[in-house]
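Listed here are the chains, written in short residue letters.
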Amino acid sequence: MKLRALDITLVGMFVALMAIGANITSLAPFMVIGTVPITLQTFFAILAGAILGSRLGSIAMIVYMLVGLAGVPVFAKLKSGPFMVIDPTFGFIISFILVAFIIGRVVEKKKTVPAFIIAAVIGLAVNYLFGTNWMYFAYKFWTAAPAGFTYKMTWIWMVPPLPKDIILAVFAGMMAHRLEKTVLSKGQFKQLKRVS
């Protein structure tokens, strides 16, 4: 697998954006609704797939995950390290790889506004399904669960950020389509989404 300098630069950029998106409340503490922090990880994972394509988008998310596991504090709440694999929220980090890949595959086939938006919403659904189920099983089998913990409770926890994530997913799809038409279809960006 050969990566150009542009590919490496864009992968690095999205790793940085994911780190910022994960810890946006550290920079802007007012971005907390109740006790639920507003993060932008899913937004940037969607953009990675829609802008970079399935190959580079998923590579960017893999690099992000590996950087965090290596000890660089890029995960939410500035967490990091190999023990993150047993954290209940680690499923969401894994899901970003799937999100970027699936969205990339969809928009590589069709480049209309509806295709970008539908791909973004599908990616969000994958993020929630994979991440929430991982969280449930983590609490059930290898992490101390809160009192009265149930599968339903896990999904209830996901309700507060859902409206924000739906809005951001649609916005990400529209933004990526706009970039596709104005920037990514020109010059050296033309070959960005090759799946070699």
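Structure's up top.
Along each chain, residues carry numbers from 1 onward, in the same order as the chain's sequence is written. Side-chain atom pairs in this predicted model are given and counted only at pLDDT of 80 or more, local residue features only at pLDDT of at least 70, and totals for whole chains, interfaces and linings cover all residues. Derived side-chain values reflect all non-hydrogen atoms in the structure, with water molecules and hydrogen atoms excluded from consideration.

Trainee: Can you walk me through the overall build of the protein chain in this structure?
Mentor: Helix and strand labels come from DSSP, where a helix needs a run of H or I of at least four residues and a strand needs a run of E of at least two; each type is numbered from the N terminus. If you tally the helices and strands in the protein chain, you get seven helices and two strands. Secondary structure of the protein chain in N-to-C order comes out as α-α-β-β-α-α-α-α-α. Buried residues are those whose accessible area, probed at 1.4 Å on protein chains only, stays under 20% of the maximum for their type, while exposed residues exceed 50% and partly exposed ones sit between those limits. Here the protein chain, with 196 residues, has 47% of them falling under the buried criterion. Whether two residues are in contact is decided by their heavy atoms, any of which lying within 4.5 Å being enough. If you take every contact in the protein chain between residues at least 6 apart in sequence, the share linking residues at least 24 apart comes to 69%. Only the protein chains shown count as covering a residue, and every accessible area follows the Shrake-Rupley method with a 1.4 Å probe. Surface summary for the protein chain: the accessible area is close to 9800 Å², and the carbon and sulfur share equals 75%.

Trainee: I keep staring at the nonpolar core and nothing clicks. Help me out?
Mentor: Generally speaking, a soluble globular protein has its nonpolar side chains buried in company with each other. The set of buried Ala, Val, Leu, Ile, Met, Phe, Trp, Tyr and Cys residues whose side-chain atoms join them within 4.5 Å is what this entry labels a nonpolar core. Leu47, Met61, Tyr64, Ile93 and Phe96 are the most contacted members of the largest nonpolar core, which totals 54 residues. When residues of this core are traced back to their parent elements, those giving at least two are helix H1 (5–22), helix H3 (41–69), helix H4 (90–109), helix H5 (113–141) and helix H7 (162–184). Considering each element in turn, this core owes the most residues, 16 residues, to H3. What Tyr64 contacts, discounting residues up to four positions off in sequence, is Val15, Met18, Ala19, Ala22, Gln41, Val74, Phe75, Ile93 and Phe96.

Trainee: Honestly, the pattern of salt bridges in this entry has me stumped. Any pointers?
Mentor: Oppositely charged side chains can pair when the atoms bearing their charge come close. Within this document, salt bridges are pairs made up of a side-chain nitrogen of Lys or Arg and a carboxyl oxygen of Asp or Glu, the two lying within 4 Å of each other. For the structure on display, the rule yields three salt bridges. In this structure, Arg4 and Asp7 form a salt bridge, with 3.0 Å as the shortest nitrogen-oxygen distance. Lys164 is paired through a salt bridge with Asp165; the nearest N and O atoms lie 2.8 Å apart. Accessibility expressed as a relative area gives 17% for Lys164, which makes it buried.

Trainee: What am I meant to see in H4 here?
Mentor: Residues lying three or four places apart along an α-helix face the same way, a consequence of the helix completing one turn every 3.6 residues. Expected span of a helix, by definition, is 1.5 Å for each gap between consecutive residues, and there is one gap fewer than residues. Along its 20 residues, H4 runs 30 Å from first to last C-alpha, staying within 8% of the 28 Å computed at 1.5 Å per residue. Of all 20 residues in H4, 14 are buried; the element is thus mostly enclosed.

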